[in-house]
Amino acid sequence: MPGPSGRGVLVTGASRGIGRAVARAFAERGDRVAVHYGARRADAEETRAALPGEGHVVIGGDLGDPAAAQRIADTAEEALGGVDVLVNNAAVATSEDNAHRVAEVSYAEWQRVWRQMVEVNLLGAAHLSYCVARHLIDRGAPGRIVHIGSRGAFRGEPDHPAYGASKAALHALGQSLAVALAPHGIAVTSVAPGFTATERVAGRLAGESGDALREQSPFGRVGTPEEVAAAVVYLASAEATWASGTVLDLNGASHLRL
């Protein structure tokens with residue numbers, strides 16, 4: 001893999017939150033970053049403008065559309081002079097608007113939410129991983145793919161089962177790709193964050209609900225986007241090659257598994 005100042009990095013869903021922190025962490029190390037957004041171009045432009053260094057670009061596209069996923073990969077490959085690192089961060093996140101509790105939603109709504117979450121959270125990442133990997137293979141270059149999964153894949157998401165299932169599948173995809181792509185020098189890993197303090201969930205950290213979230217961890221707090229970004233940067237490093245196939249829990253001991 002090229003040195004730390006020579007990598008092209010594509011971060012999906014980088015307009016804010018964890019994606020923005022990841023983009024910044026790579027840029028601070030001298031990498032060129034493609035800031036992907038789904039619907040928030042202004043936020044993506046703000047992210048790009050705040051990144052140190054040069055050569056950063058903004059790329060929009062709906063990852064639920066396979067053709068758009070290919071276009072995103074191709075555009076980033078050309079704009080960055082090659083994508084060496086892909087961070088699959090974009091996802092349809094949980095909210096009260098897309099809660100789909102079995103006892104409460106209609107069958108039609110159940111299908112709609114499942115389709116939306118699987119198309120973006122799993123299939124979008126799968127299609128983009130394929131396209132980026134093929135570019136790497138064609139160039140004969142090593143690379144890194146890092147998936148942003150979730151603690152919910154292990155702990156369960158009773159109000160958002162499609163989210164938990166899509167993230168569990170994303171972890172499994174990463175492990176399958178780790179085996180398939182190792183002969184090509186491409187390492188694939190995942191991180192599984194617990195609750196993380198981003199702009200989107202700021203309201204949930206107020207009052208009693210916030211206290212309950214902080215009490216999930218023996219540290220008495222929730223995670224930060226910068227902590228997730230630090231883990232991603234490590235997993236994308238040359239030193240982490242032997243970690244390929246790993247799913248790294250990042251939840252402050254709020255959920256432990258064997």
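In case you missed it, the structure is sitting above this.
Remember, it's a predicted structure, so these values are computed and weren't measured experimentally. (Residues numbered from 1 in each chain as written. Predicted model: local features only at pLDDT ≥ 70, side-chain atom pairs only at ≥ 80, totals over all residues. Heavy atoms only, no water.)

**Student:** Hey, could you run me through the overall build of the protein in this one?
**Tutor:** Helix and strand content of the protein: eight helices and seven strands. Computed over the C-alpha atoms, the radius of gyration of the protein is 17 Å, within 12% of the 18 Å expected from 2.2 N^0.38 for a compact globule of 258 residues. For the protein, the proportion of its 258 residues judged to be buried stands at 49%. For the protein, the share of sequence-separated contacts (at least 6 apart) that also reach a separation of at least 24 residues comes to 72%. Roughly 11600 Å² of accessible area belongs to the protein as shown, and the carbon and sulfur atoms make up 54% of that amount. A gap of 1 Å separates the mean positions of the 24 positive and 28 negative side-chain charges of the protein. (Helix = DSSP H or I, 4+ residues; strand = E, 2+ residues; numbered from the N terminus. Rg over C-alpha atoms; globule rule 2.2 N^0.38 Å. Buried < 20%, exposed > 50% of the residue type's maximum accessible area, 1.4 Å probe, protein only. Contact = heavy atoms within 4.5 Å. Areas by Shrake-Rupley, 256 points an atom, 1.4 Å probe, with all protein chains shown as cover. Lys, Arg positive; Asp, Glu negative; His and termini not counted. Charge placed at Lys NZ, Arg CZ, Asp CG, Glu CD.)

**Student:** Could you clarify how one ought to interpret the pattern of salt bridges in this entry?
**Tutor:** Working definition: two side chains of opposite charge can pair if their charged atoms are close together. In this structure the tally under the stated criterion is 14 salt bridges. For R7, the salt bridge is made with D31, and the minimal N-O distance between the two is 2.8 Å. Separated by 24 residues along the polypeptide, R7 in the segment before β1 (8–11) and D31 in the loop between α1 (17–28) and β2 (32–37) bring together distant segments of the chain. What makes D31 buried here is its relative accessible area of 1%. E109 is the salt-bridge partner of R112, the closest N and O atoms lying 2.8 Å from each other. Note that R112 and E109 are positioned in helix α4 (residues 107–139) at a spacing of three residues, about one turn of the helix. Residue E109 is classed as partly exposed on the basis of its relative accessible area, which comes to 23%. (Salt bridge = Lys/Arg side-chain N within 4 Å of Asp/Glu carboxyl O.)

**Student:** Explain the nonpolar core to me, please; I cannot follow it from the model alone.
**Tutor:** One recurring pattern in soluble globular proteins is that nonpolar side chains are buried together. Counting 30 residues, the largest nonpolar core has V22, F26, V33, V87 and V232 as its most contacted members. Of all elements in the fold, only β1, α1, β2, β4 (85–88), β5 (143–148) and α8 (225–235) reach the threshold of two or more residues within this core. Here the element with the most residues in this core is α1; it accounts for seven residues. Not counting chain neighbours up to four residues away, the residues in contact with F26 comprise R7, V9, D31, V33, V85, V87, V232, V233 and A236. With 29 residues, the next largest nonpolar core counts A69, A73, A125 and L170 among its residues. (Core = buried A, V, L, I, M, F, W, Y, C linked by side-chain atoms within 4.5 Å.)

**Student:** Could you clarify how one ought to interpret the pairing of strand β3 (residues 57–60) in this entry?
**Tutor:** A regular strand carries its side chains on alternate faces of the sheet. Both faces of β3 are covered, namely the face carrying V57 and I59 and the face carrying V58 and G60. As for the winding sense of the linkage, the β-α-β connection from β2 through helix α2 (residues 41–50) to β3 is right-handed. (Right-handed = clockwise from strand over helix to strand, strands pointing away.)

**Student:** Any chance you could explain the environment of I18 here in plain terms?
**Tutor:** Topologically, I18 is positioned in helix α1. Separated by 50 residues in sequence, I18 and A68 place their C-alpha atoms 22 Å apart. Contacts of I18, omitting those with residues within four sequence positions, involve N89, T196, T198, P225 and V228.

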